[in-house]
Each structure stands twice: as C-alpha cells, then as structure tokens.
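Descriptive analysis of the structure
One-letter residues, chain by chain:
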Amino acid sequence: MNIKRILGENIKFYRKRMGLTQEDLAERLNISLPHLANIEIGKKFISSSLLERISEILAVSPSMLFYSPDFNNPKDENLASKVENALDESYQIMKRQIR
C-alpha cells in the first residue's frame, strides 16, 4: 500500500466530484499546478495544513482522503476504523491549535 498514491487518487476523485479542474484547486490552495499534479500521482506528500485546506475545499474529512478499499479486508476491519478515528482526532487537535 502506497499512502501517497492513495491520498493522491482520493484528492483527484473528490476534486472531480466537486467539478474542479487541477487548475481550480491549485489556485484555491495557492499552490502550483505541477505541485498538485505531483500530489495527485503520489510523488509528493502534503503538510497537515495543506491537508486541512484540501479537506475543507473538497468538503470531505481528512480521514476520507486516506481511505482505501484495501482496508476492507476482514482481517483489517478494525484497522480502518482505528486509522479513521486517529486521523479525525489529529484533525480536531490541529483545528484547535490553529484557532
């Protein structure tokens, strides 16, 4: 499992679902188009602050940006829940620290 690739694929999925082009999202995030393209293909990772901005613009929780169908393995049922809870908790802590 490549977490950068999963993140990039999910950003691309939710971006398209919102009807945004790469150019639109890059502009809203105040990052370059090549940087966003590298994120979406899994070459680059993102900071927690960029993760928060992306999740707000795409109207999705940060944990959903890390979702992978691979987590649906019965052996890993509990793992997906633990990962989602940990990411949501981290997101809430970051929001409180930023305010």
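In the block above lies the structure referred to throughout.
These figures come from a predicted structure and were not determined experimentally. (Residues numbered from 1 in each chain as written. Predicted model: local features only at pLDDT ≥ 70, side-chain atom pairs only at ≥ 80, totals over all residues. Heavy atoms only, no water.)

1. With respect to the pattern of salt bridges
Applying the stated criterion to the full structure yields 2 salt bridges. Here Glu9 and Arg5 are joined by a salt bridge, their closest N and O atoms 3.2 Å apart. Residue Glu9 and its partner Arg5 are located together in helix H1 (residues 3-17), separated by 4 residues, close to a single helical turn. According to the relative accessible area criterion, Glu9 is partly exposed, its value standing at 43%. We note a salt bridge from Glu40 to Arg15, for which the minimum N-O separation is 2.6 Å. One end of the pair, Glu40, is in helix H3 (residues 33-40); the other, Arg15, is in helix H1, with 25 residues separating them in the sequence. Assessed through its relative accessible area of 5%, Arg15 is described here as buried. (Salt bridge = Lys/Arg side-chain N within 4 Å of Asp/Glu carboxyl O. Helix = DSSP H or I, 4+ residues; strand = E, 2+ residues; numbered from the N terminus. Buried < 20%, exposed > 50% of the residue type's maximum accessible area, 1.4 Å probe, protein only.)

2. Concerning the packing of aromatic side chains
By the definition in use, this model includes 2 aromatic pairs. Each ring, one from Phe45 and one from Phe66, has its centre 6.3 Å from the other, and the planes form 50°; the classification is tilted. Of this pair, Phe45 sits in the loop between H3 and helix H4 (48-58) while Phe66 sits in the loop between H4 and helix H5 (77-98), and the two are 21 residues apart along the sequence. Look at Phe66 and you get buried, because its relative accessible area is 9%. (Phe/Tyr/Trp six-rings, centres within 6.5 Å; stacked < 30°, edge-to-face > 60°.)

3. Section: H1
Taking 1.5 Å as the rise per residue, H1 with 15 residues should run 21 Å; its terminal C-alpha atoms sit 21 Å apart, in good agreement. Regarding H1, the residues found buried are Ile6, Leu7, Gly8, Asn10, Ile11, Tyr14 and Arg15. Two or three places before Lys4, at the opening of H1, Asn2 has a side-chain oxygen 3.0 Å from that residue's backbone nitrogen. Directly after H1, the chain includes Gly19, whose backbone phi takes a positive value near 75°. (Expected span 1.5 Å × (residues − 1). Polar contact = N/O pair within 3.5 Å; in protein donor to acceptor, adjacent residues only side chain to side chain.)

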